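Summary of the model geometry
Listed below are the residues making up each chain.
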Amino acid sequence: MKANNYTGKNFEWEIRKSLNDIGWWWFRIQDTNDVSRFVKKAISEKQPGDFFAVTEGMPILIECKTSRNKTAFPLYYNKKAAVPEHQIQYGIDIVKEGGQAWFFIRKDEPRNKRAFALRPEQMRLLYDNATRKSVKWQVIETLGIELTRLPKPVRYDLSILLNSMRTVQNDD
């Protein structure tokens, strides 16, 4: 369990560096696990995602997920959804209000980490059409936008998302 948790925190660190590189204003949303380490009886609202960012007046919600599974991304851990329904709904809600939301999914293979950005409606589609507890990486690779990995320190080029967000705005 610790290794997977550590993997997720590494990915969040990489996204912090990526957000700094692109120059977006952002902050990390503290989740219940972060708070409960310091306050034993912490009560926290369900968090909408990992990061809240703004660029060009556009609010952006970001949730990060990672998996070491080589063949598929787990949609469920036992009976618990890997991406909780409330996070997908928060993403859909912010898009309805004129913002953007992204789910960053990282395939964590040694020396070959790949990250993909999916919209909330795409995440909902994965769950609504799921026939198994996981979805093959090929599906995520087809649906998502691959984020180019940058070296030293490891981070991702998020500029491709700006173009995607502008396209969605122009379609409205």
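Everything here concerns the structure above.
My aim in this report is to walk through the structure given alongside it, one point at a time. (Residues numbered from 1 in each chain as written. Predicted model: local features only at pLDDT ≥ 70, side-chain atom pairs only at ≥ 80, totals over all residues. Heavy atoms only, no water.)

**Examining the overall build of the protein chain**
Stated precisely, the cut-off is as follows: By definition, any uninterrupted DSSP run of H or I lasting at least four residues is a helix, any uninterrupted run of E lasting at least two residues is a strand, and each is numbered from the N terminus. Burial here depends on accessible area, computed with a 1.4 Å probe over protein chains only, as a share of the maximum for the residue type. Under 20% is buried, over 50% is exposed, and the range in between is partly exposed. By definition, residues are in contact when any of their heavy atoms lie within 4.5 Å. For every accessible area listed, the method is Shrake-Rupley and the probe measures 1.4 Å; residues are considered covered only by the protein chains on display.
For the protein chain, the helix and strand inventory stands at 6 helices and 11 strands. Counting over 172 residues, the protein chain shows a buried share of 41%. Intrachain contacts of the protein chain at a sequence separation of at least 6 include 64% that bridge at least 24 residues. Carbon and sulfur atoms form 51% of the exposed surface of the protein chain, whose accessible area is close to 10,200 Å².

**Observations concerning the pairing of strand E7 (residues 100-107)**
Test applied: When DSSP finds two or more bridges between a pair of strands, those strands are recorded as paired.
The element E7 is largely enclosed, with a buried count of 8 among its 8 residues. Of the two faces of E7, both are covered, the one formed by Gln100, Trp102, Phe104 and Arg106 as well as the one formed by Ala101, Phe103, Ile105 and Lys107. The hairpin formed by E7 and strand E8 (residues 114-118) contains 6 residues between the paired strands, and arginine 111 there has a positive phi angle of roughly 60 degrees.

**Re the sheet that holds E7**
What counts is decided by this rule: Fitted lines through C-alpha atoms give the axes, limited to the stretch in contact for helices. The angle between two N-to-C directions lies from 0 to 180 degrees.
Across the sheet, which stays open at both edges, the 7 strands sit in the order E1-E2-E3-E7-E8-E10-E11 with mixed pairing between neighbours. Because the sheet does not close on itself, it has two edges, and the strands there are strand E1 (25-28) and strand E11 (155-157). Averaged over all pairs of adjacent strands, the angle between strand axes in this sheet comes to 30 degrees, irrespective of strand direction. Two elements, strand E10 (residues 145-150) and E11, share 3 bridges in a ladder whose sense is antiparallel. By the bridge assignment, threonine 148 is partnered in E11 with aspartate 157. Relative to the sheet, helix H4 (residues 120-128) contacts E7 and E8, its axis offset from that of E8 by approximately 100 degrees.

**Side note on the packing of helix H3 (residues 85-96) against H4**
Here is the rule: Crossings are assigned a handedness: left-handed for a near helix turned anticlockwise from the far helix by less than a right angle, right-handed for a clockwise turn. When residues are grouped by polarity, Ala, Val, Leu, Ile, Met, Phe, Trp, Tyr, Cys and Pro land in nonpolar, Asp, Glu, Lys and Arg in charged, and all others, Gly among them, in polar.
Interaxial distance between H3 and H4 falls to 8 Å at its minimum, and their mutual angle equals 145 degrees. With respect to the hand of their crossing, H3 and H4 are arranged in left-handed fashion. Residues Glu85, Ile88, Gln89, Gly91, Ile92 and Val95 of H3 form the contact with H4, whose own contacting residues are Pro120, Glu121, Met123, Arg124 and Tyr127. The residue makeup of the contact of H3 with H4, split by class, is 6 nonpolar, 2 polar and 3 charged.

**Let's talk about H3**
As a reminder, the rule being used: Here a helix's expected span is defined as the number of its residues, less one, multiplied by 1.5 Å. By definition, the arc is the one covered by directions from the helix axis to the C-beta atoms.
An ideal rise of 1.5 Å per residue puts 16 Å on 12 residues; H3 measures up with 17 Å between its terminal C-alpha atoms. Buried within H3 we find Gln87, Ile88, Gly91, Ile92 and Ile94. The buried side chains of H3 occupy one side of the element, clustering within an arc of 165 degrees when seen end-on. Tucked inside the fold, the buried residues of H3 contact strand E2 (51-55), strand E3 (58-67), E7 and H4. Where H3 terminates, the next one or two residues include glycine 98, which has phi positive at roughly 100 degrees.

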